[in-house]
Each structure stands twice: as C-alpha cells, then as structure tokens.
Amino acid sequence: MKKSIFILFTIVLCLVFCGCRRVIENSADELTTRNWHTETLSGMTGELIFSGNEATLVITSSEDEVSLSGVYSIDSKNVYITDVNLSHTYVFSYNVYHNRADIAYGGDAITFYPELPSVTSMTE
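A few points on the structure. Quick caveat: nothing in here was measured; it's all calculated off a predicted structure. (Residues numbered from 1 in each chain as written. Predicted model: local features only at pLDDT ≥ 70, side-chain atom pairs only at ≥ 80, totals over all residues. Heavy atoms only, no water.)

### Digging into the side chain of Asp-102
Item 1. By secondary structure assignment, the location of Asp-102 is in strand β7 (residues 101–105).
Item 2. Judged by its relative accessible area of 15%, Asp-102 falls in the buried class.
Item 3. Within the structure, Asp-102 has its side chain in polar contact with the side chain of Thr-111 (distance 2.9 Å).
Item 4. Contact partners of Asp-102, with chain neighbours within four places excluded, come to Ser-93, Tyr-94, Asn-95, Tyr-97, Ala-109, Ile-110 and Thr-111. (Helix = DSSP H or I, 4+ residues; strand = E, 2+ residues; numbered from the N terminus. Buried < 20%, exposed > 50% of the residue type's maximum accessible area, 1.4 Å probe, protein only. Polar contact = N/O pair within 3.5 Å; in protein donor to acceptor, adjacent residues only side chain to side chain. Contact = heavy atoms within 4.5 Å.)

### Some words on the packing of aromatic side chains
Item 1. Using the criterion set out here, one finds 2 aromatic pairs in the structure.
Item 2. On the numbers, 5.0 Å between centres and 70° between planes, the contact of Phe-50 with Tyr-72 is edge-to-face. A residue pair is termed long-range when its members are at least 10 positions apart, and Phe-50 in strand β2 (residues 45–51) and Tyr-72 in strand β4 (residues 65–74) qualify at 22 residues. Like Phe-50, the residue Tyr-72 is buried in the burial classification.
Item 3. Seen from their ring centres, Phe-92 and Tyr-105 are 6.4 Å apart, and the 25° between their planes marks the pair as stacked. Remark: Tyr-105 occurs in strand β7 and Phe-92 occurs in strand β6 (residues 88–96); sequence separation between them is 13 residues. (Phe/Tyr/Trp six-rings, centres within 6.5 Å; stacked < 30°, edge-to-face > 60°.)

### Description of the sheet that holds β4
Item 1. The antiparallel closed barrel is built from 8 strands, whose spatial order is β1-β2-β3-β4-β5-β6-β7-β8. Strand-to-strand twist in this sheet, taken as the mean axis angle between neighbours without regard to direction, amounts to 35°.
Item 2. Where strand β3 (residues 54–60) meets β4, 7 bridges bridge the pair, whose relative direction is antiparallel. Bridge pairing in β4 places Glu-54 opposite Val-71. (Pairing = 2+ DSSP bridges. Axes fitted to C-alpha atoms, helices over the stretch in contact; angles between N-to-C directions.)

### So, the pairing of β3
Item 1. Here β2 runs beside β3; their pairing, made up of 7 bridges, is antiparallel. Paired with Gly-46 across the bridge in β3 is Ile-59.
Item 2. Linking β2 to β3, which pair antiparallel, is a turn of 2 residues; within it Gly-52 sits at a positive phi near 65°.
Item 3. Counting the residues between successive antiparallel strands, the hairpin from β3 to β4 contains 4 residues.

Purely geometric stuff here, so don't read any function into it on its own.
What follows is the structure, encoded as structure tokens:
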C-alpha cells in the first residue's frame, strides 16, 4: 500500500514539474516571455514589457522620453508595435541571446537585460 502511494505521488510530482513549463522554441518566444530593462552609464534607462498581446517600450534619456505602447506582432527579425491612438506601426529589429537582447533604436543597438522575478516576503 505505501509503495503504491509513493509511486503515485512521484508520478504526480513529475507531472506538476514537467507540465508547468513553457517551451521556448525560437527567439521570438525568448523575447516575449520576459520583460526587459536597461540602464547605461550615460543615464539612459529603458523598459520593454510584454503583457498579453500588448507591448510597451519606454526609453528615457537626459534629452527626452519616448513611450510607445500598443498591440505587438513579432517575427524572427523584427518586433512591430502598433499604437492604435497614433495609427502608426513602429518596427524594431532585435537579436536575443541567453542573458540579453539587442534592440535597434535610433540607428543604434540598445542592450536590454531580463528583469529578475520579484521576490515577495512569505510574511506578507
């Protein structure tokens, strides 16, 4: 009896750990399954956030702040963010590596890093 319960528990535990993962098949999946941020020595900061079918790109520098938000589409080379209010689609080429993503913006490549998951206190 104890042996069969242990085997059943082990099978259920394996299903829980293996069944709750999202498989990343390509660079588009790698980019959209995380939120990204950057901060340079010159003081420029940036965020690239994916939520549902919308994306938000915010870049702040000492000169100005650019904020784009809207429905996104992605292929193997470009991210397309369509701002419905402005009726304009912005195109950004990208390359994703394991620990960073290079996004083309304003003729330069900006390196973004994945945001670490927030850790909440168990006492809250």
